[in-house]
Amino acid sequence: MTSNGLFPDWLLRTDPRLKVILLVLWSFHLAFLSTVIAAAVGLSGSFLIYLISGQRNCLKGLKSLLAINSFLIFIWLLLPFSFSVPGTVIYSLGPLDVTREGVNLSVILSLKALAITLGALAITGSSGPYDLLAGARKLGVPEKLTALFLLMTRYISVIGQQYHRLAQAMRVRGFRPGSDLHTLRSYANLAGLLLVRGFDRAERIYAAMLCRGYRGRFFIRADFKFKCLDLGVAWLFVSLGLLVAGLDVIGNIN
Amino acid sequence: MSSETLIKLSGIVYGYPGRPVVLDSLDFILGQELVGLIGPNGCGKTTLLEIIMGLIKPQAGTVEIMGRVCSEEKHFRPLRPQIGFVFQDANDQLFCPTVADDLAFGPLNMGASRQEADEVVRTVLTNLGLEDFGSRITYDLSGGEKKLVALGTALALNPKLLILDEPTNFLDEKAVTRLEEIIRTLKLPGLVVSHDLNFLNKMVSHSFRLENGRLTEV
Ligand SMILES: Nc1ncnc2c1ncn2[C@@H]1O[C@H](COP(=O)(O)OP(=O)(O)OP(=O)(O)O)[C@@H](O)[C@H]1O
Ligand SMILES: [Mg+2]
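Residues numbered from 1 in each chain as written. Chains lettered and ligands numbered in written order. Predicted model: local features only at pLDDT ≥ 70, side-chain atom pairs only at ≥ 80, totals over all residues. Heavy atoms only, no water.

**Quick look at the site of ligand 1**
Residues and elements named next belong to chain B. Under the convention used in this document: If even one non-hydrogen atom of a residue comes within 4 Å of a molecule or strand, that residue is called near it. Whenever a nitrogen or oxygen atom comes within 3.5 Å of another N or O atom, the pair is scored as a polar contact, on the condition that within protein one atom can donate a hydrogen and the other can accept it, and that pairs from neighbouring residues in sequence are kept only if both atoms are in side chains. Note on residue categories: nonpolar means Ala, Val, Leu, Ile, Met, Phe, Trp, Tyr, Cys or Pro, charged means Asp, Glu, Lys or Arg, and polar means any other residue, Gly included.
Ligand 1 sits among 13 residues. The nearest are Gly42, Lys45, Thr46, Thr47 and Gln88. Residue Gly42 places a main-chain N or O atom 2.8 Å away from an oxygen atom belonging to ligand 1. For ligand 1, an oxygen atom lies 2.7 Å from a polar atom in the side chain of Lys45. Residue classes in the shell around ligand 1 are distributed as 3 nonpolar, 7 polar and 3 charged.

See the structure below:
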């Protein structure tokens, strides 16, 4: 990961420990907002954070943002209507009444979801998961938990590769998904095989760890230093947080 | 039993559940030399190595490593780090994020400090000719690179004995030559499973063939 050259890559060089804290605080902070304006500014804040996260491939990151939209569809299918959020009716869609409160809630939830995702993308995407885990460990997150995540991040890609290899092997032999029993059975086999292999691999990995003297302790390489830059980034987050919180309070009074 | 004996197997019987036995009262003695182990696919070579490492338990027979009878996990535990074991599939062996982490894993388990472990990592990488690989992500490596790093994880423990399961798999000619050099300079005794007779002939003093659950010298 290198800077894209257009914007500074501060987040890339921020102390992972700080990033873990910021990730948690920023996400919770956004989650508790209750006005449209605050949520919108929160989203802009997340975007700003994203810009300084030094991610080379901005578009790719933004694409993963689209994934969250599939959840938002459900919000928009349910919440705007009077049957879930009663209130002032502003529009009638056949038998369904759209309420102002419902739309308002949907907008807030959507903005917040996007803001949190974008913020998390910026923070996690600007350093490998291992740095973040090392940071979390240094902050006192239990070893079992970080070891779990460590192995998970390591092996998700292995399982992914395995899935692709198997899927390719199926395709090479002329498999085309359809809506028949053969397709279902083939997918069931594929899933079953992935599970069995995953289990098998887990056992072998454990054996490999035993062979190298594993006794239940995991060591993550980490030597962090708190720098001036970290203070700057922390200050940026705090300012954004205060701004958003202020707007939220004002919005609630009115 | 002489003090030279590193591994002594007697009357080992092993069969996977619901299948005919793979090893049938097998005897084996390894002294201070590097020997080869050959045999057709599925004859039980990997199984035999796993029994030596105490990863699976034979249904009958005794395993003696460096003069100590090993029948339980706690007997094997202190001995394993002294044995450099390289798995047939390197994906099973490399589980840390980066190559350096993986190489440091063993030494750290043995109580090395961060600095000592880093020193070991550097030495091993240099020996393998992989100087720039420290920060590489293990799952991004090619099959051959993984195999070399897997060997490195074993060497990082400074073993007294090598057990290699098809070490030349996935390696190109140059890497095989490199591997031969490394093994030659290490001068460690041990057991090498390989289908590459060319490689075996160069490396080992003699070989055993595993067939019908028993070993015969070839
Ligand atoms: N987990 C298992 N469950 C059941 N059978 C197994 C299992 N692992 C191996 N086998 C069987 O035991 C026999 C010996 O397997 P092993 O892996 O030891 O062979 P190998 O000599 O190492 O073969 P290769 O040269 O292909 O690596 C094979 O017939 C194999 O099918
Ligand atoms: Mg094998």
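**A word on the interface of chain B and chain A**
Note the cut-off: Here, two residues are considered to be in contact whenever any of their heavy atoms come within 4.5 Å of each other. Here the quantity called buried area is the total loss of accessible area, with a 1.4 Å probe, experienced by two parts when brought into contact, counted for both. In what follows, salt bridge is the name for a side-chain nitrogen of Lys or Arg lying within 4 Å of a carboxyl oxygen of Asp or Glu. The helix count covers DSSP runs of H or I at least four residues long, the strand count covers runs of E at least two residues long, and both are numbered beginning at the N terminus.
In this assembly, 32 residues from chain B lie in contact with 25 residues from chain A. Roughly 2700 Å² is buried in total at the junction of chain B and chain A, and carbon and sulfur atoms are behind 56% of that figure. Considering only the surface of chain B that becomes buried against chain A, B:Asp92, B:Phe95 and B:Tyr139 emerge as the three largest contributors, covering 25% of it. Here chain B is connected to chain A by 5 salt bridges. Across the salt bridge formed by B:Asp92 and A:Arg201, the nearest N and O atoms sit 2.9 Å from each other. For the pair chain B and chain A, the number of links is 5 residue pairs in polar contact (both at pLDDT 80 or more). Mapped onto the side of chain B that touches chain A, the elements with two or more residues apiece are helix H3 (99–109) and helix H4 (114–128) of chain B. Per element, the largest residue contribution to the side of chain B that touches chain A is 8 residues, and it comes from H3(B).

**Quick look at the domain arrangement of chain A**
Applicable threshold: Domain extents, as shown, originate in an automatic or database domain assignment.
When its domains are assigned, chain A resolves into domain 1 (11–127 + 225–253) and domain 2 (137–211). Summarising the inter-unit geometry, the C-alpha centres of domain 1 of chain A and domain 2 of chain A are found 32 Å apart.

**Some remarks on the pairing of strand E1 (residues 89–93) of chain A**
The test is simple: Think of it this way: DSSP has to see at least two bridges between two strands before they count as a pair.
Sheet topology note: the E1(A)/strand E2 (residues 96–99) of chain A ladder contains 4 bridges and is antiparallel. Bridge assignment links A:Ser92 to a residue of E2(A), and that residue is A:Asp97.

**A word on helix H1 (residues 45–52) of chain B**
All names here are of chain B. In plain terms, the rule: Accessibility here uses a 1.4 Å probe with only protein chains present; expressed as a share of the type maximum, an area under 20% marks a residue as buried, one over 50% as exposed, and anything in between as partly exposed.
H1 sits mainly inside the fold: 7 of its 8 residues count as buried. Considered for burial, the residues of H1 that qualify are Lys45, Thr47, Leu48, Leu49, Glu50, Ile51 and Ile52. Within two residues after H1, Gly54 carries a phi angle of roughly 75 degrees, on the positive side.

**Side note on the coordination of the magnesium ion (ligand 2)**
For clarity, the threshold we go by: Each metal's donors are the N, O and S atoms found within 2.8 Å of it, except that Na, K and Ca use a 3.2 Å limit; water is left out, so coordination can look incomplete.
At 1.9 to 2.2 Å from the magnesium ion (ligand 2) lie its protein donor atoms, namely B:Thr46 (OG1) and B:Gln88 (OE1). Of the two residues, B:Thr46 is situated in helix H1 and B:Gln88 in the loop between strand E6 (83–86) and H3; the sequence distance between them amounts to 42 residues.

**Comments concerning the sheet that holds strand E1 (residues 7–14) of chain B**
Residue and element names in this part refer to chain B. Under the convention used in this document: All axes are obtained by fitting lines to C-alpha atoms, using only the stretch in contact for helices, and the reported angles, taken between N-to-C directions, cover 0 to 180 degrees.
The sheet built from 4 strands is open, its strands ordered E2-E1-E4-E5 with antiparallel pairing. Each of the sheet's edge strands pairs with one partner strand only, and the pair in question is strand E2 (23–30) and strand E5 (68–70). Averaged over all adjacent pairs, the angle separating strand axes in this sheet is 25 degrees, with direction ignored. Here 3 bridges tie strand E4 (residues 60–65) to E5, and the two strands are oriented antiparallel to one another. Across the sheet, residue Glu64 finds its bridge partner in E5, namely Val69. Packing against the sheet, H1 makes contact with E1, E2 and E4, and its axis sits at approximately 120 degrees to E1.

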